[in-house]
Amino acid sequence: MPIQVKFFASLKEDLPNARQQVEASEAATVEEVWYAATQLKDIPAHIVCSVNHSHEQIHQAVKDGDEVAFFPPITGG
Amino acid sequence: MPVEVVTGAFDPAAKQQAFEATLTPGTFGATANFIGTMRTVNEGDDVVGMYLEHYPGMTETELQKIIADAAQQWRIIDALIVHRVGELEPGEPIVLTTVWSKHRKDAFEAVRYLMEALKSRAPFWKKETLANGDTRWVEKNTPGY
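All right, on to the side chain of E92 of chain B then. All names here are of chain B. By the secondary structure assignment, E92 is in the loop between strand 6 (86-88) and strand 7 (93-101). At a separation of 3.0 Å, a polar atom in the side chain of E92 contacts the side chain of R84. For E92, the contacting residues outside a window of four places in its chain are A9, G36, T37, M38 and R84.

A few words on the pairing of strand 5 (residues 67-71) of chain A. Residue and element names in this part refer to chain A. Burial analysis of strand 5 places five of its five residues in the buried class, which makes it a mostly covered element. Side chains E67, A69 and F71 of strand 5 all project onto a buried face; the interleaved residues V68 and F70 project onto the opposite face, where all are buried too. In the sheet, strand 1 (residues 3-7) pairs with strand 5 via four bridges, with the strands oriented parallel. When the sheet's bridge partners are listed, F7 is paired in strand 5 with F70. When strand 3 (residues 48-51) meets strand 5, the two strands line up antiparallel, connected through four bridges. By the bridge assignment, V48 is partnered in strand 5 with F71.

Turning our eyes to something else, we now look at the interface of chain B and chain A. Facing 28 residues of chain B, the contacting portion of chain A comprises 19 residues. Across the interface of chain B and chain A, roughly 1,800 Å² is buried in total on both sides, 56% from carbon and sulfur atoms. For the chain B face of the interface with chain A, the top three residues by lost area are Y55, M58 and W125 of chain B, together amounting to 37%. Applying the counting rule to chain B against chain A returns two salt bridges. The salt bridge partner of K12 of chain A is E53 of chain B, with a shortest N-O separation of 3.3 Å. In this assembly, chain B and chain A are joined by 15 residue pairs in polar contact (both at pLDDT 80 or more). Secondary-structure elements contributing two or more residues to the side of chain B that touches chain A are strand 4 (45-54), helix 2 (58-73), strand 7, helix 3 (104-121) and strand 8 (124-130) of chain B. At five residues, helix 3 of chain B tops the list of elements feeding residues into the side of chain B that touches chain A. Residues belonging to the side of chain B that touches chain A are distributed by class as follows: 13 nonpolar, six polar and nine charged.

Before going further, it helps to spend a moment on the environment of A36 of chain A. Within the fold, A36 of chain A resides in helix 2 (residues 30-38). Overall, the relative accessible area of 10% leaves A36 of chain A in the buried class.

A few words now on the sheet that holds strand 7 of chain B. All names here are of chain B. Pairing is mixed across the open sheet formed by four strands, whose spatial order is 1-5-7-2. Unpaired on one side and paired on the other, strand 1 (3-6) and strand 2 (30-37) mark the two borders of the sheet. Going from strand to strand, the sheet's axes swing by 10 degrees on average, the running direction of each strand aside. Lying on the sheet, helix 1 (residues 12-20) is in contact with strand 1, strand 2, strand 5 (76-84) and strand 7; it crosses strand 7 at an angle near 30 degrees. Contacts from helix 2 reach strand 1 and strand 5 within the one sheet, and its direction differs from that of strand 1 by about 150 degrees.

Rules used in this analysis
- Residues numbered from 1 in each chain as written.
- Chains lettered and ligands numbered in written order.
- Predicted model: local features only at pLDDT ≥ 70, side-chain atom pairs only at ≥ 80, totals over all residues.
- Heavy atoms only, no water.
- Helix = DSSP H or I, 4+ residues; strand = E, 2+ residues; numbered from the N terminus.
- Polar contact = N/O pair within 3.5 Å; in protein donor to acceptor, adjacent residues only side chain to side chain.
- Contact = heavy atoms within 4.5 Å.
- Buried < 20%, exposed > 50% of the residue type's maximum accessible area, 1.4 Å probe, protein only.
- Pairing = 2+ DSSP bridges.
- Buried area = accessible area lost by both parts, 1.4 Å probe.
- Salt bridge = Lys/Arg side-chain N within 4 Å of Asp/Glu carboxyl O.
- Nonpolar A, V, L, I, M, F, W, Y, C, P; charged D, E, K, R; others polar.
- Axes fitted to C-alpha atoms, helices over the stretch in contact; angles between N-to-C directions.

So, in structure tokens, the structure goes:
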């Protein structure tokens, strides 16, 4: 089962062509999921990452079936 | 200690009272609320509408974690978080956080913690519609302290 990739808010609008699935063979970490999904080299420093609904850092390992999300700074409340 | 993400307008007082009715009367001596409401001006511009996006699943999970963290730090009897998503109009409530405790110190401090943690950890994003018709994503929160 591939890694599911989600983008939210302004990032979703800025990256309309980003892939929503990445094979685990293409990416071992959150950072590598970003590269594979967006074809962009660096994750902007302000971008927030999560794996399976939990905040994580870009070097967090990922595996088949994980849900990885990228989003801009949170502005709720 | 429930969390609710709601798509329609809500009445914070009614939400607080409805949940409070499930608690045992006399067990709590303090109830502290925070209500966040949509303003008509942000960063000097007139704002006429707002769209609130969230991350279904993660948002609710993170709100529960925030309440659990508060319960580790203060003696709280119960807590409630209600947060709006979707389209909002000025003057409508965005968020309600309520804490019930025996004494005011725990209620005041825990409800403050819930709001500050929510604003940095729970995935919600605001998109404003300005009076001239432009839209823009809010890029950062105002400092709470």
